[in-house]
Amino acid sequence: MPVPQVVIDTNVIVAGLRSRNGSAFRLLELIGSEQFDIHLSVPLVLEYEEVLLRELPNLSVSATDIQDLIDFYCSVATHHQIFFLWRPYLPDSEDDMVLELAVKAECDSVVTYNVRDFVGVERFGLKVATPAEFLQSIGALP
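First things first, this report covers the structure right here in the doc. (Residues numbered from 1 in each chain as written. Predicted model: local features only at pLDDT ≥ 70, side-chain atom pairs only at ≥ 80, totals over all residues. Heavy atoms only, no water.)

Some points on the overall build of the protein
And step 1. Counting secondary structure elements, the protein contains 6 helices and 5 strands.
And step 2. Counted from the first residue to the last, the protein has its helices and strands arranged as β-α-α-β-α-α-β-α-β-β-α.
And step 3. The globule rule puts the C-alpha radius of gyration for 142 residues at 14 Å, and the 14 Å found for the protein is close to it.
And step 4. The dimensions of the protein, computed from C-alpha atoms along their principal axes, are 40 × 35 × 25 Å.
And step 5. Within the protein, the proportion of its 142 residues that are buried is 44%.
And step 6. The long-range share in the protein, meaning contacts at least 24 apart out of those at least 6 apart in sequence, stands at 62%.
And step 7. If you sum the accessible surface of the protein, you get close to 7500 Å²; carbon and sulfur atoms cover 53% of it.
And step 8. Put simply, the protein has 9 plus and 21 minus side-chain charges, and the middle of one group is 4 Å from the middle of the other. (Helix = DSSP H or I, 4+ residues; strand = E, 2+ residues; numbered from the N terminus. Rg over C-alpha atoms; globule rule 2.2 N^0.38 Å. Buried < 20%, exposed > 50% of the residue type's maximum accessible area, 1.4 Å probe, protein only. Contact = heavy atoms within 4.5 Å. Areas by Shrake-Rupley, 256 points an atom, 1.4 Å probe, with all protein chains shown as cover. Lys, Arg positive; Asp, Glu negative; His and termini not counted. Charge placed at Lys NZ, Arg CZ, Asp CG, Glu CD.)

Some words on the sheet that holds strand β2 (residues 37-41)
And step 1. Overall, parallel pairing links the 5 strands, which are arranged β3-β2-β1-β4-β5 in an open sheet. The sheet terminates laterally at β3 (78-80) and β5 (127-129), the two strands that pair on one side only. Across the sheet, the mean angle from the axis of one strand to that of its neighbour is 35 degrees, orientation sign disregarded.
And step 2. Relative to β5, strand β4 (residues 109-111) runs parallel, the two sharing 3 bridges. Each residue of the ladder has a partner; that of serine 109, found in β5, is lysine 127. (Pairing = 2+ DSSP bridges. Axes fitted to C-alpha atoms, helices over the stretch in contact; angles between N-to-C directions.)

Describing the state of the cysteines
And step 1. Going through the model one piece at a time under the given rule, you end up with 0 disulfides.
And step 2. Cysteine cysteine 74 is unpaired, with the sulfur of cysteine 107 as its nearest cysteine sulfur at 15 Å. (Disulfide = S-S within 2.5 Å.)

Observations concerning the packing of aromatic side chains
And step 1. Applying the stated criterion across every chain yields a total of 3 aromatic pairs.
And step 2. Seen from their ring centres, phenylalanine 36 and phenylalanine 134 are 5.3 Å apart, and the 85 degrees between their planes marks the pair as edge-to-face. Placement of phenylalanine 36 in the loop between α2 (23-30) and β2 and of phenylalanine 134 in helix α6 (residues 131-137) is noted, with a sequence separation of 98 residues between them.
And step 3. With a relative accessible area of 2%, phenylalanine 134 lands in the buried category.
And step 4. Here phenylalanine 72 and tyrosine 73 contribute two aromatic rings whose centre-to-centre distance is 6.2 Å and whose plane-to-plane angle is 55 degrees, an arrangement assigned as tilted.
And step 5. A relative accessible area of 37% means that phenylalanine 72 is categorised as partly exposed. (Phe/Tyr/Trp six-rings, centres within 6.5 Å; stacked < 30°, edge-to-face > 60°.)

If you want it as structure tokens, here you go:
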């Protein structure tokens, strides 16, 4: 069975760093475990960094931890340069950036809590799933 290919939306990473009790944290724990592959682009990494540093007062990690986490993601992810734009396709331009990466990387899914913001991406052969839905699909949650 092929390894699922995913793009993880920033809101999932923020949620996973806010609480160790939810499916977002479980998903973050599995990054690099070979149960799925993550894909990154420079714009998405910069967004991760900007949002996580802005959310730092609400997280139980340090700025150094965030840099280490991003470095780890970069070390295990497949990197992509985006040479085309589908914009505007989704209501939020930040979501368009995630869509463009998922299309370029030929991903199976976008993992996000903003499922309704990605309506219509099925046209590109993509599924949209919450962390819990994705973890269930790979057998990592009952």
